[in-house]
Amino acid sequence: MTPRSLFRALAVAELVTWTMLLVGMLMKYALGLGDLPVRIGGSVHGFVFLAYLVVATVVAVNQRWSFGTTALGWASAIVPYTTLPFESGVARRGMLEGPWRRSPDLGARPGPLDRLLFAVVAHPFVAALVGIVLVAVVFAVLLTLGPPVPSR
């Protein structure tokens, strides 16, 4: 799996889960079907949202995106249906081209994020398992904390 194909898959998944959440909200508020559709759509969307942020970060490090581009990628997950246009834009500019980096450039000294990336690329299955577990832990903590309470 290339950086481009992984990022594209998560961008599409984020778009699909936004739809699930919005349909769940429509079913709850317009059709009066209760909380279950929102709980299902919201839970799936929340998990994929966190996974998208992780993948966007890993791809950004691999592709050497600027902080601004990386932050825009993160922000695209917040606004409904913008992950795919963001992915198309960075792909069109060639910012998703090439394979995973496995070592530093000749004569370059890798930073801590580069070293972490090289470990992830060297052990993709272990890294994917660790990533899924970390996303699940963060997801569980956020579910335990509950929704934000509006200030009065």
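Scroll up a little and you will see the structure.
Rules of the game
Residues numbered from 1 in each chain as written. Predicted model: local features only at pLDDT ≥ 70, side-chain atom pairs only at ≥ 80, totals over all residues. Heavy atoms only, no water. Salt bridge = Lys/Arg side-chain N within 4 Å of Asp/Glu carboxyl O. Helix = DSSP H or I, 4+ residues; strand = E, 2+ residues; numbered from the N terminus. Buried < 20%, exposed > 50% of the residue type's maximum accessible area, 1.4 Å probe, protein only. Core = buried A, V, L, I, M, F, W, Y, C linked by side-chain atoms within 4.5 Å. Contact = heavy atoms within 4.5 Å. Phe/Tyr/Trp six-rings, centres within 6.5 Å; stacked < 30°, edge-to-face > 60°.

### Observations regarding the pattern of salt bridges
As enumerated under the stated definition, the model contains four salt bridges in all. Across the pair Arg8 and Glu87 runs a salt bridge whose closest N-O atoms are separated by 2.8 Å. Of this pair, Arg8 sits in helix H1 (residues 3–29) while Glu87 sits in helix H4 (residues 83–92), and the two are 79 residues apart along the sequence. For Lys28, the salt bridge is made with Asp35, and the minimal N-O distance between the two is 2.6 Å. Classification of Asp35 as partly exposed rests on a relative accessible area of 38%.

### Section: the nonpolar core
The biggest cluster of nonpolar side chains holds 22 residues, and the ones touching the most others in it are Phe7, Tyr52, Val59, Trp65, Val90 and Leu96. Looking at this core, the elements that each hand over two or more residues are H1, helix H2 (36–63), H4 and helix H5 (112–122). With eight residues, H2 is the single largest residue contributor to this core. With sequence-adjacent residues up to four places away left out, Val90 is seen in contact with Phe7, Trp65, Thr69, Met95 and Leu96.

### Notes on unusual backbone geometry
Of note in the backbone geometry, Arg64 takes a positive phi value of approximately 60 degrees without being a glycine. Position of Arg64 among the secondary structure elements: in the loop between H2 and helix H3 (67–76). Although it is not a glycine, Tyr81 sits at a positive phi angle of roughly 65 degrees. Here Tyr81 is to be found in the loop between H3 and H4.

### Side note on the packing of aromatic side chains
The tally for this structure, following the rule as stated, stands at six aromatic pairs. Here Phe7 and Phe86 contribute two aromatic rings whose centre-to-centre distance is 6.1 Å and whose plane-to-plane angle is 70 degrees, an arrangement assigned as edge-to-face. A residue pair is termed long-range when its members are at least 10 positions apart, and Phe7 in helix H1 and Phe86 in helix H4 qualify at 79 residues. The exposure class assigned to Phe86 is buried, which follows from its relative accessible area of 9%. In this structure an aromatic cluster arises from ring pairing among Phe7, Tyr52, Trp65 and Phe86.

That's the geometry; what it means functionally is another story.
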